[in-house]
Amino acid sequence: MPKLDICFSPELLHLHDLRGKVAVIVDILRASSTIVTALGEGITHVFPVATLEECTAYGREHGCLTAAERDGLPAPGFDFGNSPFGFLDAARPVRGRALTISTTNGTAALRRSLAAEAVVVGAFLNLAAVAAFVRQQQRDVLVVCAGWKGQFCLEDTVFGGALAERLASEFDVSSSDATLAALHLWQQGRADLPAYLLQSAHVRRLNSLEASQDFEFCLQIDAYADVLPVWREDRL
Ligand code: 3SL
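Residues numbered from 1 in each chain as written. Predicted model: local features only at pLDDT ≥ 70, side-chain atom pairs only at ≥ 80, totals over all residues. Heavy atoms only, no water.

Regarding the site of the ligand
Close to the ligand lie 13 residues, the nearest being Asp27, Arg30, Thr103, Asn105 and Gly106. Measuring from an oxygen atom of the ligand, one finds a backbone N or O atom of Gly106 at 2.7 Å. (Near = heavy atom within 4 Å. Polar contact = N/O pair within 3.5 Å; in protein donor to acceptor, adjacent residues only side chain to side chain.)

Topic: empty space enclosed by the protein
All told, the structure shown has two cavities of 30 Å³ or more when counted by the stated rule. In this structure, the largest cavity encloses a volume near 60 Å³. Every residue along the wall of the largest cavity is listed here: Asp27, Leu29, Arg30, Glu69, Gly72, Asn82, Thr103, Thr104, Asn105, Gly106, Trp148 and His202. The residue inventory of the lining of the largest cavity, partitioned by class, reads two nonpolar, seven polar and three charged. Here the second largest cavity is characterised by a volume of approximately 50 Å³. (1 Å grid on protein atoms, 1.4 Å probe; cavity = no way out; pocket = protein on both sides within 12 Å on 5 of 7 lines; lining within 4 Å. Points joined across faces, edges and corners; volume = space filled by probe spheres on them. Nonpolar A, V, L, I, M, F, W, Y, C, P; charged D, E, K, R; others polar.)

A short note on the pattern of salt bridges
For the coordinates displayed, the defined rule picks out nine salt bridges. Between Glu117 and Arg139 there is a salt bridge whose closest N-O contact spans 3.9 Å. Within this pair, whereas Glu117 is found in the loop between α3 (106-111) and β7 (118-122), its partner Arg139 is found in the loop between α4 (127-137) and β8 (141-145), the two being separated by 22 residues in sequence. Between Asp222 and Arg166 there is a salt bridge, with its nearest N and O atoms 3.0 Å apart. In this pair, Asp222 is assigned in the segment after α9 (212-218) and Arg166 in helix α5 (residues 154-167), connecting sequence segments 56 residues apart. (Salt bridge = Lys/Arg side-chain N within 4 Å of Asp/Glu carboxyl O. Helix = DSSP H or I, 4+ residues; strand = E, 2+ residues; numbered from the N terminus.)

Right, here's the structure in full:
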C-alpha cells in the first residue's frame, strides 16, 4: 500500500527522498489557493517562480500576467499580489492569459520539490481533484507544507489531514507520526475550519494586512473541485 507522509516545512525537505513520489505542494494561505483560483477563473497556465527577478523576466519573456507577494503584501511593480480575489475581479478579466507568480513561501516550496515524480498544487479549493490524482498515481505521496519562512503553519498541516482522511482506505496514513498528527488536527478543526484556524499565526497576519476576506475564501472545500495544477516541464 503506498504511503502518505507530510513534510511540515520546506526546511525539513532534506529528510525526505522525493524521487518516485507525488509531491502535493500546499500553501493554503494563500499561494496554492490563489493558483487554483487563477486557473479556475481561466488562466491558461502558471509559471511559479522563486524570485521577484524571475517573475519580472518570465512576464517579459512570455508576455504573461505577473503576480508577486512578499511578507503578505503585493510586491510593487506586478499586475497582482497574492489574493485569490485578484482573479475574481470582473473589471480585470484574466481568461485566456498566462500568469507567472512568486510568493514568499509557496512558490519557493514548489521549486524545491521538483525532484518528485509528479508535482501538484493542493488547496481546500481543489481537494477532490488532488485526491483523485493521487489515487490514480498509486505512488507514495509527500504533502509539502509551505509554512511561513521555515516555520510550521497550522492551516497547511490541517489540509494534509483532510487529504489523508480522503485517501485512508487506499494509502498507509498511519505509519508516519506527521500524518497522524495532521489527521488529528483536521478532525479537531473540520466542523468549523474558520473558527479553528482563527488563532493561527497567518490568519492573524492576514487580518492585520486587511486581507481577512481571503482567509474564509481559501477554506472553502472543493469550490474548484476539478482544477488540478500539475507541473509539466516549466509550468502548471
Ligand atoms: O508565502 C506565501 O507563499 C504566501 O502565500 C503568503 S501570503 O498569504 O501571501 O501572505
